[in-house]
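A closer look at the structure
Take a look at the letters that make up each chain.
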Amino acid sequence: MTDDHDALPRSYAFLLLPGFSTLGFVCALDCLSLANRHPSGRRFYAWRLLSESGEAVAAYNGVQIGVDAGLVDLDRRETLIVCAGENAGAGSSRAVLDWLRRQTRKGMDFGALSSGTYTLALAGLIGGRRVTTHWEYKTALTELLPDVIMQDTLFAVDGRVFTCAGGAASMDMMLHRMQADYGDDLAAWVADQMVYSVPRPDTHVQRRSLQPRTDVRNPKLLMAMQLMEAHLEDPLRPDEIAGLVQLSNRQLERLFARYLKTSPRRYYMQLRLEKARNLLRQTGLSVTEVSVACGFRSLSHFSKSYRATFGLSPAAQSQDGKEFWQPSGTA
């Protein structure tokens, strides 16, 4: 840690979009505020909260957070973080996107929490970058953002751009940045204050592996399930899966029946239909586009299977679902 107690604090600007995640935002902000309580007495960080209108913003849970200003000009030494959650597209107005482009041209570090990654993409700021977002939004954003490299990690850093899954992962990302700013001692002190004994690195995946999530321990069955998850858009035939895990079709069927109480075909179909439901609820993709993205060659087969599983047609799901990613006035 530097001994220069007269150095200016590092400054952050948090842009809050309607529907943002309070957990991710507070975890990030508290890292900075706790650093300023360090026994050294030094003020390490400063921050301000912004919104498009300069007025309070409602988070996804209805909590209103007051802000300091609207879309004001930032200093190039500030670090900008876009905080989003549900309905990220609705908060990504033309004014917000234009403002993001102007500010980031100054050469500052900038990033996003949760679905704020999508807002950065709409502004054209992360093409070709390694980024991440909350796992719940990953399927939708992977389809909508073919020019970015989507990772499953807690946070990702690519040059001056950083993105984060949000939630508690915001602490990991901010402690990582704090370590780079001021060294291990301050980051460790802040982690102790948060009773967060083992901060996780940027290589840490967001979700538990398949085995603890499903309580399946048979290695052949786990391998078959992983193959299915990796091939939702271009489904493998049951005999191909069995061959890849070095089992016969009958042996694979017995494993699925014993551990999962279903057949390989039904399990695979459920995975593809769950992906379809996420895309229909969270994107503006057409039913035909979703059908293709989930490996269905026949639209009628897709619609029939979807209705049998979820009790409504794909078209009805799309109409009833939340338009998370529909941009607001960005044409």
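Just so it is clear, the structure is predicted and the values come from calculations on it, not from any experiment. (Residues numbered from 1 in each chain as written. Predicted model: local features only at pLDDT ≥ 70, side-chain atom pairs only at ≥ 80, totals over all residues. Heavy atoms only, no water.)

Here the focus is the pattern of salt bridges. Applying the stated criterion to the full structure yields 13 salt bridges. Arginine 48 is the salt-bridge partner of glutamate 78, the closest N and O atoms lying 2.8 Å from each other. Here the residue glutamate 78 occupies a position in the loop between strand E4 (64-65) and strand E5 (79-83), and arginine 48 occupies one in strand E2 (residues 45-50), the gap between them amounting to 30 residues. Glutamate 78 gets classed as buried once you look at its relative accessible area, which sits at 7%. A relative accessible area of 26% means that arginine 48 is categorised as partly exposed. Between arginine 177 and aspartate 109 there is a salt bridge; the shortest N-O distance is 3.2 Å. A residue pair is termed long-range when its members are at least 10 positions apart, and arginine 177 in helix H6 (residues 169-182) and aspartate 109 in the loop between helix H3 (94-104) and strand E6 (110-113) qualify at 68 residues. Residues joined in a network through salt bridges with shared partners are Arg129, Arg130 and Asp158. (Salt bridge = Lys/Arg side-chain N within 4 Å of Asp/Glu carboxyl O. Helix = DSSP H or I, 4+ residues; strand = E, 2+ residues; numbered from the N terminus. Buried < 20%, exposed > 50% of the residue type's maximum accessible area, 1.4 Å probe, protein only.)

Relative to E2, strand E1 (residues 10-16) is paired through six bridges, and the arrangement is parallel. In the sheet register, serine 11 faces E2, and the bridge partner there is alanine 46. Since E1 and E2 lie parallel, the crossover through helix H1 (residues 22-35) that links them has a hand, and here it is right-handed. (Pairing = 2+ DSSP bridges. Right-handed = clockwise from strand over helix to strand, strands pointing away.)

Right, let's talk about the confidence of the model for the protein for a bit. Summarising the model, the protein shows a mean pLDDT of 90, and 92% of its residues fall at 70 or more. In this model residues 1-6 is a low-confidence stretch, pLDDT under 50, and it forms ten contacts with partners more than four residues away in sequence or in other chains. (pLDDT = per-residue confidence, 0-100. Contact = heavy atoms within 4.5 Å.)

Taken as a whole, this structure holds one cavity of 30 Å³ or more when the rule is applied. Of the pockets and cavities examined, the largest cavity occupies roughly 30 Å³. Lining the largest cavity are Ser21, Gly24, Phe25, Cys83, Ala84, Leu113, Ser114, Gly166 and Gly167. Of the residues contributing to the lining of the largest cavity, the split by class is four nonpolar, five polar and no charged. (1 Å grid on protein atoms, 1.4 Å probe; cavity = no way out; pocket = protein on both sides within 12 Å on 5 of 7 lines; lining within 4 Å. Points joined across faces, edges and corners; volume = space filled by probe spheres on them. Nonpolar A, V, L, I, M, F, W, Y, C, P; charged D, E, K, R; others polar.)

With that settled, consider the sheet that holds strand E9 (residues 155-158). The strand order E2-E1-E5-E6-E10-E9 describes an open sheet built from six strands, whose pairing is mixed. Both outer strands of the open sheet, E2 and E9, are each paired with one neighbouring strand and no more. Recorded for the sheet is a direction-independent mean angle of 15 degrees between the axes of neighbouring strands. Relative to E6, E5 is paired through four bridges, and the arrangement is parallel. Paired with cysteine 83 across the two strands is leucine 113, which belongs to E6. In this fold H3 packs onto E1, E2, E5 and E6, with an angle of close to 160 degrees to the strand it touches most, E5. (Axes fitted to C-alpha atoms, helices over the stretch in contact; angles between N-to-C directions.)

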